[in-house]
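# Architecture at a glance
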Amino acid sequence: MHGLSTNTLLVVMQCGVRLRANKVAFSRPADYSQRVPVYKRPFFTSYATSLWIRFLRFSLQSHKKLEGDLDKAGLTPPQFYVLATIGYAGGLPFGEIGHKMMVTVSNLTGIVDRLEEKKLVVRKRDDNDRRVVHVVLTEKGAKLYKTKIPLFEKSLAEIFVVLPRPEQKELSSLLRKLNQEAPAS
């Protein structure tokens, strides 16, 4: 009927839409709220799109939980990411931190500024190349890093507890593969 899919026809019939010679006429049903179809599957035609939506939903939910946990420490996720990155490496040049976090140096500057205001990091010029600026944890920053990493890891473990260890390893492997194969923007 006019090249419409079965789902579209269902909506057309339920909403009181009449098709006449390429013209559409709408009539509102008595109880419209009970006639809106509920789909059990996503309406995307590509499985990749559905997969991406699931990944995004998980990412947003886990980010929200971690954001709440970090808020208790007075940190934003990007600030904690900087602390964790330089805490693990023992201090890094700005450009390398930006590369690891996938942000521009200009975005990183604001994050580091706020961490400096909190006395958690300091900037140090490279002894051999004055153009290079390293970001290093202060004593206060190192203490925060050492005390918060176990709490952060506990929060992450709670997020992934639904997956047995072998599935966590498989997921890690798959994500690593996707990150390596992702097209550059």
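Relevant structure appears above.
### Re the sheet that holds strand β5 (residues 133-137)
What the three strands build is an open sheet, ordered β3-β5-β4; its pairing is antiparallel. In the strand order of this sheet, the two ends are held by β3 (92-93) and β4 (121-125), each with one partner. Where β4 lies against β5, five bridges are found, and the strand directions are antiparallel. Residue pairing in the sheet places arginine 125 in a bridge with valine 133 of β5. Strand contacts of helix α3 (residues 77-89): β3, β4 and β5, with the helix running at about 90° to β5, the strand carrying the most contacts.

### Brief notes about α3
Here α3 spans 18 Å end to end across 13 residues, near enough to the 18 Å set by a 1.5 Å rise per residue. Regarding α3, the residues found buried are Pro77, Gln79, Phe80, Val82, Leu83, Ala84, Thr85 and Ile86. Two residues or fewer after α3 comes glycine 90, characterised by a positive phi angle close to 80°.

### Comments concerning the pattern of salt bridges
By the definition in use, this model includes five salt bridges. A salt bridge links lysine 65 to aspartate 69; the nearest nitrogen and oxygen atoms lie 3.2 Å apart. Placement of both lysine 65 and aspartate 69 in helix α2 (residues 47-71) is noted, with a separation of four residues, approximately one turn of the helix. Where aspartate 129 meets arginine 131, a salt bridge forms, and the shortest distance between an N and an O atom there is 2.9 Å.

### Quick look at the side chain of threonine 85
Mapped onto the fold, threonine 85 is located in helix α3. For threonine 85, a relative accessible area of 10% puts it in the buried group.

### Describing a nonpolar patch on the surface
A cluster of nonpolar side chains, Trp52, Leu56 and Leu60, forms an exposed patch at the surface whose accessible area comes to about 310 Å². Among the secondary structure elements, tryptophan 52 is positioned in helix α2.

### Some remarks on the pairing of β5
Here β5 shows a buried face lined by Val133, Val135 and Leu137 and an unburied face lined by His134 and Val136. Summarising the sheet, β3 and β5 pair through two bridges and their orientation is antiparallel. If you follow proline 93 over to β5, its bridge partner there is histidine 134.

Calculation criteria
Residues numbered from 1 in each chain as written. Predicted model: local features only at pLDDT ≥ 70, side-chain atom pairs only at ≥ 80, totals over all residues. Heavy atoms only, no water. Pairing = 2+ DSSP bridges. Helix = DSSP H or I, 4+ residues; strand = E, 2+ residues; numbered from the N terminus. Contact = heavy atoms within 4.5 Å. Axes fitted to C-alpha atoms, helices over the stretch in contact; angles between N-to-C directions. Expected span 1.5 Å × (residues − 1). Buried < 20%, exposed > 50% of the residue type's maximum accessible area, 1.4 Å probe, protein only. Salt bridge = Lys/Arg side-chain N within 4 Å of Asp/Glu carboxyl O. Patch = residues over 30% accessible without salt bridge, like charges linked within 9 Å, V, L, I, M, F, W, Y side chains within 5 Å. Areas by Shrake-Rupley, 256 points an atom, 1.4 Å probe, with all protein chains shown as cover.

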